Each structure stands twice: as C-alpha cells, then as structure tokens.
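Inside the fold
Each chain, written out:
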Amino acid sequence: MADSVIEVVDVHKSFGDNHVLRGVNLRVEKGQSMVVIGGSGSGKSVLMKHIIGLLRPDSGRVLISGVDITRLDKKHLYEIRKKFGMLFQGAALFDSMTVWENVSFALTRSGMKDREARMVAIEKLRLVGLRNVEDLMPSELSGGMRKRVGLARAIAHKPEILLYDEPTTGIDPIMADAINELIIKMREELNVTSVAITHDMHSAYRIAGRIAFLYEGQIVEEGAPDEIQNTSNPLTKQFITGSFEGPIKVEGISVS
Amino acid sequence: MLRFLALLGGIILRFTETTGRVLLLLLQVIKMMLIPPLEIRNTFKQALEIGVRSVPVVLVTAVFTGMVLALQTYTGFKRFGAEALVGSVVALSMTREMGPVLTGLIVAGRAGAAMAAELGTMRVTEQIDALETLATDPVKYLIVPRFISGLVVMPMLTVVADMIGILGGYAIAVWYYHTSSILYWKRAWDYLELSDLYGGLIKASFFGGMIALICCYEGFYTEGGAEGVGKATTGAVVISFMTILISDYFLTAWLIA
C-alpha cells in the first residue's frame, strides 16, 4: 500500500442524467506506467481530470501519495498539483505566449527569473527533440511539435507524476511513434509515475507497464500488456482487436 | 397559456441563475484581488489592451457626439434666443451622460468582445485546465487583471471622451455658427460642477468593472467548441450593452438623489 502513488477508490461522477463514472477503482504504484484504454465517451478523460483534481467526484476518494485530494481546499490542491505534469490532447499551449514562455510557465510563476527560465526551457525542449523553436509562437508549430512542446511544459517543473491525455491522437503514425518513444524516455530518464489514456492499442502496448480497460464507467479488467492481449474477457477482447462484432454494440448500426 | 408560463419561468430561472453565478464570480475575483502576488505585468497588459487600443474609436465617437450635440442644441435653443447656452449643454451632457455611456459601449464592443472570445477559446482548447494543472488559479491569472483594468481604465477613457466631446461642440458652435468663443467656454465652465464630472467617472468605473466581469464570465464558462465561443462573444456584448444602459438609469437616479 505504501508505494501506491495514485489510488482511485469507488469514484462516481454524473453530469446531469449522464452517469459517467460508476465506481472506478484504480491503483498506480510508484514508477509504474499505467495506460487506461476505453472507447469514446467511456469516461477516460473524466477519470483523468479526477486524478489531477480538475473535477471532484460525487462520491468516492482520490488519493495522491496517500492524501485525499477530493477534500482539499484550493491552496493545498495547488500544492499537490505541483507534483503533476499533464500533456493535453490538443497540447493546450497558451496562444499568447512564445514557446519558451509556455515551457517555463510554472517556473516563472514560482519566481524564477526570465533569463534562467529561458535556459531551462531550451534544455527541456532539447529533451523532447526540439531546437531553435523557443521564440516561435504556438500557432507557428505543427501538431506533433505542439505536443512535444506540451510535453516539455509538463516536465519543466520536475513532476513526480505525468498524465497523458490521448498522446497519439490527431498526429501522423510516425510522429505518434516518436511521441511513444518520448513517453518511454521520460519514464526511464525522469523516473516518473505515469498515467495515459488512449484508444490507440498500438500505443498502449508500447508505453504501458499495466493496462486497465474502462468500459461504461468501470474498470472491467486490469493487467500487464501480455495478460490483456491474451484476455478471456469478451469485452476487452473485442476492444483490443478493434472488432465491430461482439458484446459491445455500436448504436444505430447492426450486423447484416 | 401553460407554454407561455413555462417559457416565462424558464427565462426568469435562467436570469436569476446567471446573475447569481456572476455575483459568485465577483466574490471570487474580490477575494483573489486581496491575495498576493498581484498580477502587475498582466494588469498592465490588459490596461493597454482595453485602454490605449480603444482611444482612436473613443476619439472619433466623442468628437462627433459633441458636434451633433452642439448642432442640435444650437438649432433648438435659437428658437427662444438661448443659443449662448450651447457650451453648458454640451459640457453637461458629455460629462454626466454621453461620455461614460458611449465609452462603455465602445469598450464593451471592442475589448469586452475580445475578452469573451479569448477566454472562450482558452476554455474550449483546455488552456484554462492547463493553467490549473500548472498550479495557477485561472480566476486570479485571467479575470482579476481584466477586472482591475476595467475599473481603472474606463474613467481615464471617459475623461478623454469628455474633453474631446466638448472640443467637438466648440468647433460647431464657434467655427460653424460663429457664436462667441469666450461665451462657449464661460457657459461650459460656469454651469459645470465638479460633481458632474465625478458622477460621470463613478459610472464609468462601474461600467468598466461590469463589462470585464460579464465578458470574462461568458468566456470563462464557454461550452461547445467554436460555436460556443461565438455564442459567448455575442452574449457578452449584448448583456454588457443592456447592463450599461439599464444600470445607467439607476446610477443616475442614485447620484442625483
């Protein structure tokens, strides 16, 4: 128990009539790389937002290094947030700032001088394989570059936990694999605990230490990648093989 | 009848809900204003955006408003031989009413719309969530600087509008209608009290704060992608205009009393 960095305990969350999370349980141990897979609308993003405290559950607990963040006030929540780095699906770079200002945002906010912050930003950008982009604006970057800048921003303040929201969605396959490679590199070089959510199985197998399958607001199966690959659970099997036929039905389309 | 009542109820519910949420945001903004560090760099940037960039439009609007006021009063007052009072009518109208209201409408249309669109875009592209994950309070970082800028910059712009409006009136009264230049200034000055100017500036500051608050609210709580940003922007401008015009009446009544 002592080693679990993230612990999600029986979390429920509804938006209006839409019961998105229906008792999610998930444990991530220190240094582990957890990948949560699941279809669109299965509640993956909502789960991730609970882990970093952007959303509060209707019931249940979210423990970060043993601290229940669902009961924290803003000030203490922001302290806990400093342990996190998050890469957003669309990178979510600040449009009004240059690349280096984006990367060093958390550092300048906590009082680092511009000169030094810029140096750190350049170093982090090199770590994700980008050079001579520090003075560009985010709008001048390609999708893959934006994601890498987003990753540089997420690691700039040396977080203990990295969250990846659909890291390979919306970029070409080669760039996607480069991002996978970076995620592995981050784990090896920075020794962080990470949680990624994705529906890209290729990516999941590459980066995961463990895989959890989220279906209809619950984790239906969790295991090492090879266990998931050889699963006997029909739901998981259908999802990982990407088959249209099986127990999971696509509304409005039927098998002829 | 039942459908009408349901519609009416819906409108009232939405109105009270929105008002309540705007007030809650105001409380949050005030609380955040009191907690250091102050966002000085950001506040100056916003003041520049709201203030300096609005000056050209304010100038054009004010000068033509002053001109048309002089034109109307001169032709009207000539009928009973009071054309010498043009100066005081222009000065009083500009400082008490036209200056703050027109400047408010300009700032709402220009800077307010920009605020709603920018914050709305930040919301739908998850930039506001990103601020949260980087341990930065988005209300403090984004809304407080805009609110303070609105409060401070609007009176400044209004002073400019008042002066330029009075000069515009002068141009018409003196150069076009050839009334006495000395009389224009004397009448403008004689009947103008300091409280007229103050009253106008209090209104201006109130409008500035309300514009920033409403437009930030609309942007901050945007939902539904690009379409949502469009809706938020339109909503921000329309609600700001209504708020300015309606609150203007009540503020004036309060200031006169």
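For the structure itself, look to the data block above.
**Observations concerning the overall build of chain A**
Counting secondary structure elements, chain A contains 10 helices and 10 strands. Relative to the globule expectation of 18 Å for 256 residues, the C-alpha radius of gyration of chain A, 19 Å, shows essentially globular dimensions. The buried share of chain A, taken over its 256 residues, is 53%. Accessible surface computed for chain A: about 11900 Å², of which carbon and sulfur atoms make up 49%. Between the centroid of the 32 positive side chains of chain A and the centroid of its 33 negative side chains there is a distance of 5 Å.

**Description of the interface of chain A and chain B**
Taken residue by residue, the interface counts 25 residues in chain A and 21 residues in chain B. Taken together, the two surfaces of chain A and chain B that pack against each other cover about 1800 Å², and 54% of this comes from carbon and sulfur. Of all residues in chain A, the largest losses of buried area upon contact with chain B belong to Tyr78, Phe94 and Arg109 of chain A, amounting jointly to 28% of the total for that side. On the surface where chain A and chain B come into contact, there are 6 salt bridges. Inspection of the chain A/chain B interface yields 7 residue pairs in polar contact (both at pLDDT 80 or more). Taken together, the elements giving at least two residues each to the side of chain A that touches chain B come down to helix 2 (74–81), strand 6 (84–87) and helix 4 (105–109) of chain A. The class makeup of the residues in the side of chain A that touches chain B is 12 nonpolar, 4 polar and 9 charged.

**What about unusual backbone geometry?**
Residue and element names in this part refer to chain A. A positive phi angle is found at Asp10, which is not glycine, with a value near 45 degrees. For Asp10, the position within the fold is in strand 1 (residues 4–15). Looking at Asp10, the relative accessible area reads 39%, which means it is partly exposed. Although it is not a glycine, Ala91 adopts a positive phi angle of roughly 75 degrees. For Ala91, the position within the fold is in the loop between strand 6 and helix 3 (99–103). Under the relative-accessibility criterion, Ala91 is labelled buried at 1%.

**A few points about the sheet that holds strand 1 of chain A**
Residue and element names in this part refer to chain A. What the 4 strands build is an open sheet, ordered 2-1-4-5; its pairing is antiparallel. Sheet topology places strand 2 (18–29) and strand 5 (67–68) at the edges, where each strand pairs with a single neighbour. Here strand 1 runs beside strand 2; their pairing, made up of 9 bridges, is antiparallel. Considered in strand 2, the bridge of Val11 is made with Val24.

**As for the side chain of Lys203 of chain B**
Assignment of secondary structure puts Lys203 of chain B in helix 8 (residues 194–220). The residues touching Lys203 of chain B, leaving out its near neighbours within four places in the chain, are Arg96, Glu97, Pro100, Asp248, Leu251, Thr252 and Leu255 of chain B.

**What to know about the packing of aromatic side chains**
Summed over the entire model, instances satisfying the criterion amount to 15 aromatic pairs over all chains. Geometrically, the ring pair formed by Tyr176 of chain B and Tyr177 of chain B is edge-to-face, given 4.9 Å between the ring centres and 70 degrees between the ring planes. Here the aromatic rings of Tyr184 of chain B and Trp185 of chain B are separated by 5.5 Å at their centres, their planes lie at 80 degrees, and the arrangement is edge-to-face. Following the ring pairs from residue to residue traces out a cluster consisting of Tyr170, Trp175, Tyr184 and Trp185 of chain B. Arg153 of chain A extends its terminal NZ or CZ atom over the ring of Phe94 of chain A, reaching a point 4.6 Å from the ring centre. Seen from the ring of Tyr221 of chain B, Arg21 of chain B lies directly overhead, with NZ or CZ sitting 4.9 Å from the centre.

**Details of the packing of helix 2 (residues 40–50) of chain B against helix 6 (residues 138–176) of chain B**
Residues and elements named next belong to chain B. Put simply, helix 2 and helix 6 touch, their axes get as near as 8 Å, and they point 45 degrees apart. Of the possible angle classes, the one that applies to helix 2 and helix 6 is oblique. For the element pair helix 2 and helix 6, the recorded crossing hand is right-handed. Of the residues in helix 6, those touching helix 2 at Asn42, Thr43, Gln46, Ala47 and Ile50 are Tyr141, Pro145, Arg146, Ile148, Ser149, Gly150, Val153 and Leu157.

**Observations concerning the packing of helix 5 (residues 114–127) of chain A against helix 6 (residues 143–155) of chain A**
All names here are of chain A. Relative to each other, helix 5 and helix 6 sit at 125 degrees, their axes nearing to 9 Å. For the element pair helix 5 / helix 6, the angle class is oblique. Relative to helix 6, the crossing made by helix 5 is right-handed. Facing Lys124, Leu125 and Leu127 of helix 5, the residues of helix 6 in contact are Val149, Ala152 and Ile155. Considering only residue class, the contact of helix 5 with helix 6 consists of 5 nonpolar, no polar and 1 charged.

**Some details on the sheet that holds strand 9 (residues 210–215) of chain A**
Backbone-to-backbone hydrogen bonds pair the strands of a sheet. The strands run either parallel or antiparallel. All names here are of chain A. Strands sit in the order 6-7-8-3-9-10 across an open sheet of 6 strands; the sheet is mixed. With one partner strand each, in any of the chains shown, strand 6 and strand 10 (218–223) form the two edges of the open sheet. Strand after strand, the sheet turns through a mean of 20 degrees between neighbouring axes, direction not considered. Taken together, the 4 bridges between strand 3 (residues 33–37) and strand 9 define a ladder with parallel strand orientation. From the neighbouring strand, Val36 faces strand 9, where its bridge partner is Ala212. Set on the sheet, helix 6 makes contact with strand 6 and strand 7 (161–165); between it and strand 6 the angle comes to about 175 degrees. This element, helix 10 (residues 234–241), spans strand 3, strand 9 and strand 10 of the sheet and lies at about 105 degrees to strand 9.

What counts, and at which threshold
- Residues numbered from 1 in each chain as written.
- Chains lettered and ligands numbered in written order.
- Predicted model: local features only at pLDDT ≥ 70, side-chain atom pairs only at ≥ 80, totals over all residues.
- Heavy atoms only, no water.
- Helix = DSSP H or I, 4+ residues; strand = E, 2+ residues; numbered from the N terminus.
- Rg over C-alpha atoms; globule rule 2.2 N^0.38 Å.
- Buried < 20%, exposed > 50% of the residue type's maximum accessible area, 1.4 Å probe, protein only.
- Areas by Shrake-Rupley, 256 points an atom, 1.4 Å probe, with all protein chains shown as cover.
- Lys, Arg positive; Asp, Glu negative; His and termini not counted.
- Charge placed at Lys NZ, Arg CZ, Asp CG, Glu CD.
- Contact = heavy atoms within 4.5 Å.
- Buried area = accessible area lost by both parts, 1.4 Å probe.
- Salt bridge = Lys/Arg side-chain N within 4 Å of Asp/Glu carboxyl O.
- Polar contact = N/O pair within 3.5 Å; in protein donor to acceptor, adjacent residues only side chain to side chain.
- Nonpolar A, V, L, I, M, F, W, Y, C, P; charged D, E, K, R; others polar.
- Pairing = 2+ DSSP bridges.
- Phe/Tyr/Trp six-rings, centres within 6.5 Å; stacked < 30°, edge-to-face > 60°.
- Lys NZ or Arg CZ within 6 Å of the ring centre and 35° of its normal.
- Axes fitted to C-alpha atoms, helices over the stretch in contact; angles between N-to-C directions.
- Parallel < 35°, antiparallel > 145°, perpendicular 65-115°, else oblique.
- Left-handed = near helix turned anticlockwise from the far one by under 90°.

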